[in-house]
Amino acid sequence: MNHPVLTRADCLARDAADPLAALRERFDLPAGTIYLDGNSLGARPKAALARAQQVIAQEWGKDLITSWNTAGWFEMPRRLGDRLAPLLGAHAGEVVVTDTTSVNLFKALAAALALQAPHAERRTIVTERSNFPTDIYMAEGLAGWLQRGYTVRLVDTPEEIPAVLGPDTAVLMLTHVNYRTGLQHDMAALTALAHRAGAVTVWDLAHSAGAVPVDLHEANADFAVGCTYKYLNGGPGAPAFIWVPRRHQATFTQPLSGWWGHATPFAMASSFTAGEGIGRALCGTQPVVSLALVECGLDVFGATDMHAIRTKSLALTDLFIALVESRCAGHPLGLVTPREHPRRGSHVSFTHPHGYAVMQALIARGVIGDYREPAIMRFGFTPLYTSFTEVWDAVDVLKGILDEEAYDVNAARGAVT
Ligand SMILES: *Cc1c(COP(=O)(O)O)cnc(C)c1O
């Protein structure tokens, strides 16, 4: 492909014309850092500090336990779910923000298996070997623990999925955008295939929510879960979400039947009766301080829409790919992320034989991405706060490191890579 020669001035011009450029002001980003890891931990919305102070000093400090009612703490999982719903193509009353992605996946998967319970021959959960490990582990955990012959079948490539869906398939459980490669699945097409085979779908939107347009209803998906601390900028360890469409709510059952999912939690009944609607996806008391901050991230999305975000995301990732391939030509870099727009999420991964060491050198020079086994350098592009000029500058730093071989192949590894 013949790319027009790009300059830093071109990138500055793109920033000047970027309709989302002003949103960067809503985030606190340290000077001298180019942050390309919003796919793993979103940057801090400036408003989060004051919100945390309000929750801690006023709502907790002064109003104490009355805040469950007066500050809306009890309603927060539903209220935030309703605010998040439009980003997912979901309706109000179908999403709660609660627990972790791993735990919500467990609930969704259990509910999906329960739907299939009448079909004794459907005992396989199909997913990808390249799925995020916790998704596989949670499926293995549930399948093994049930002791009813459930197995987890791992496919090695997306192309294998249609052929493995069959009369033994209970659930097709996929992550919409692959955490490592950035490959985006066609949710509608795969859901239709799964349904044709009699399977139920569970979608993990960890790298999709706030990153790419998602339309769960249009895709006719069955269940979905995802993170708020990645592209939604909810804060480290912020509670995750679970979506149960209205058509599945009446039959939705999950084994973590805690009191928050009860029809009348404060009746203090001695036996569980599931509440109506999405409330039955809840389990117990939520981390209020952390939960409250999720709203600060969602507020920023209120100032734009996923179409504008997607347009800029593709422009950023196209630019990054073109600059790396032209300016770092000759170095052993391999693009892992699909070039075709519909198959790409909002991060770009390149392999390099010394990927870990090169990433450490990048971080030391203020360009923060991350590393994933095997040999993959991952760069996240978050249209709310990443500029075109930063993409230029990041590639400039990468080129310098590669040209000078300025990386330590024996770099020590931290617990988190
Ligand atoms: C980030 C991520 C998770 C994280 O799950 P936690 O329970 O929050 O640790 C799960 N699944 C996928 C696909 C992810 O990308």
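As the structure is a computational prediction, the values presented were derived from the model and not from experiment. (Residues numbered from 1 in each chain as written. Predicted model: local features only at pLDDT ≥ 70, side-chain atom pairs only at ≥ 80, totals over all residues. Heavy atoms only, no water.)

*Asks:* Can you help me understand the overall build of the protein chain in this one?
*Replies:* When helices and strands are tallied, the protein chain shows 14 helices and 15 strands. A compact globule built from 417 residues should have a C-alpha radius of gyration of about 22 Å, and the protein chain, at 22 Å, falls within 12% of that. Once the C-alpha set of the protein chain is aligned to its principal axes, its extents read approximately 70 × 60 × 40 Å. In the protein chain, which comprises 417 residues, the share counted as buried stands at 53%. Summarising the internal contacts of the protein chain: among those between residues at least 6 apart in sequence, 73% fall at separations of at least 24. For the protein chain, the exposed surface amounts to about 17300 Å²; the carbon and sulfur share of it is 58%. Side chains of the protein chain carry 34 positive and 41 negative charges; the gap between the two charge centres is 2 Å. (Helix = DSSP H or I, 4+ residues; strand = E, 2+ residues; numbered from the N terminus. Rg over C-alpha atoms; globule rule 2.2 N^0.38 Å. Buried < 20%, exposed > 50% of the residue type's maximum accessible area, 1.4 Å probe, protein only. Contact = heavy atoms within 4.5 Å. Areas by Shrake-Rupley, 256 points an atom, 1.4 Å probe, with all protein chains shown as cover. Lys, Arg positive; Asp, Glu negative; His and termini not counted. Charge placed at Lys NZ, Arg CZ, Asp CG, Glu CD.)

*Asks:* So what exactly am I meant to see when it comes to the UniProt feature "modified residue: N6-(pyridoxal phosphate)lysine" (unreviewed entry) in the protein chain here?
*Replies:* Per the UniProt entry, the sites bearing "modified residue: N6-(pyridoxal phosphate)lysine" (unreviewed entry) are K230 in this numbering. Its location among the elements puts K230 in the loop between β9 (223-226) and β10 (241-243). Judged by relative accessible area, which is 7%, K230 ranks as buried. The residues contacting K230, other than those within four sequence positions of it, are G38, N39, S40, L41, G42, A206 and H207. (UniProt positions renumbered as here; feature names shortened; annotations may be inferred.)

*Asks:* Please explain the sheet that holds strand β7 (residues 169-175) as it appears in this structure.
*Replies:* Hydrogen bonds along the backbone pair up the strands of a sheet, which may run parallel or antiparallel. The mixed open sheet is built from seven strands, whose spatial order is β4-β10-β9-β8-β7-β5-β6. In this open sheet, the two edge strands, each paired with only one partner strand, are β4 (95-97) and β6 (151-155). Neighbouring strand axes in the sheet, compared pairwise and without regard to direction, differ in orientation by 20 degrees on average. Relative to β6, strand β5 (residues 124-128) runs parallel, the two sharing five bridges. Opposite V126, over in β6, you have R153 as the bridge partner. (Pairing = 2+ DSSP bridges. Axes fitted to C-alpha atoms, helices over the stretch in contact; angles between N-to-C directions.)

*Asks:* Whenever I open this one, the site of the ligand confuses me. Can you help?
*Replies:* Near the ligand lie 13 residues; those nearest to it are S102, D135, D204, Y229 and K230. For the ligand, an oxygen atom lies 2.6 Å from a polar atom in the side chain of S102. Between the ligand and the protein, one listed contact pairs a nitrogen atom with a side-chain N or O atom of D135 at 2.8 Å. When the ligand is considered free in solution it has 390 Å² of accessible area, and contact with the protein chains removes 87% of it. Put simply, the parts of the chain that give the shell around the ligand at least two residues each are α5 (101-116) and α6 (133-146). (Near = heavy atom within 4 Å. Polar contact = N/O pair within 3.5 Å; in protein donor to acceptor, adjacent residues only side chain to side chain.)

*Asks:* Looking at this structure, how should I read the pattern of salt bridges?
*Replies:* When the charged atoms of two side chains lie near each other, side chains of opposite charge can form a pair. Enumeration according to the criterion identifies 21 salt bridges in this entry. Note that E295 is salt-bridged to R79, the shortest N-O span being 2.8 Å. Here E295, found in helix α11 (residues 288-301), pairs with R79, found in helix α4 (residues 76-88); they are 216 residues apart in sequence, far enough to count as distant. When its relative accessible area of 35% is taken as the criterion, R79 is described as partly exposed. (Salt bridge = Lys/Arg side-chain N within 4 Å of Asp/Glu carboxyl O.)

*Asks:* Is there a simple way to think about the nonpolar core in this case?
*Replies:* Ranked by internal contacts, the top residues of the largest apolar core, which has 55 residues, are L84, L88, L205, L216 and F241. Of the residues forming this core, the biggest block, seven residues, is contributed by α11. Counting only domains with at least three residues in this core, you end up with domain 1 (8-45 + 305-404) and domain 2 (74-302). Contacts of L216, omitting those with residues within four sequence positions, involve L88, G89, M187, L205, A221, A224 and W243. Judged by nonpolar contacts, the second largest core, of 33 residues, contains C328, F350, A394 and L402. (Core = buried A, V, L, I, M, F, W, Y, C linked by side-chain atoms within 4.5 Å. Domains from an automatic or database assignment.)

*Asks:* What should I look at first to understand helix α2 (residues 47-62) in this one?
*Replies:* For an α-helix the count is 3.6 residues per turn, leaving residues at separations of three or four pointing the same way. Taking 1.5 Å per residue as the helical rise, α2 with its 16 residues ought to reach 22 Å, and the 21 Å between its terminal C-alpha atoms agrees with that figure. Of all bends in α2, the biggest is about 25 degrees, found at V55. Where α2 is concerned, the buried positions are A48, R51, A52, V55 and E59. Within two residues after α2, L64 carries a phi angle of roughly 45 degrees, on the positive side. (Expected span 1.5 Å × (residues − 1). Bend = angle between axes of the 7 residues up to and from the residue.)

*Asks:* Help me understand α4 in this model?
*Replies:* Across its 13 residues, α4 extends 18 Å between first and last C-alpha, which sits within 8% of the 18 Å expected from 1.5 Å per residue. D82 marks where α4 bends most, by close to 30 degrees; the proline P86 follows one to four residues later. All buried positions along α4 are accounted for by M76, P77, L80, G81, L84, A85, L87 and L88. In the segment just after α4, G89 is the residue with positive phi, at about 70 degrees.

*Asks:* Help me understand empty space enclosed by the protein, please; the structure alone is not making it clear to me.
*Replies:* Across all of its chains, the model carries one cavity of 30 Å³ or more by this definition. Size it by volume and the largest cavity reaches roughly 40 Å³. Every residue lining the largest cavity is listed: G210, Y231, N233, F301, T382, P383, L384 and Y385. Of the residues assigned to the lining of the largest cavity, the class counts are five nonpolar, three polar and no charged. (1 Å grid on protein atoms, 1.4 Å probe; cavity = no way out; pocket = protein on both sides within 12 Å on 5 of 7 lines; lining within 4 Å. Points joined across faces, edges and corners; volume = space filled by probe spheres on them. Nonpolar A, V, L, I, M, F, W, Y, C, P; charged D, E, K, R; others polar.)

*Asks:* Is there a simple way to think about the pairing of strand β15 (residues 376-380) in this case?
*Replies:* Each regular strand carries side chains that alternate between the two faces of the sheet. With five of five residues buried, β15 is to be regarded as a mostly interior element. On β15, burial covers both faces: I376, R378 and G380 on one face and M377 and F379 on the other are all buried. Relative to β15, strand β12 (residues 347-351) runs antiparallel, the two sharing five bridges. Across the sheet, the residue bridging to F350 is M377, located in β15. Across three bridges, the pairing between strand β14 (residues 370-372) and β15 is antiparallel. Residue pairing for β15: D370 is matched across the bridge by R378. What sits between the antiparallel neighbours β14 and β15 is a turn of three residues, in which A375 has the positive phi angle 65 degrees.

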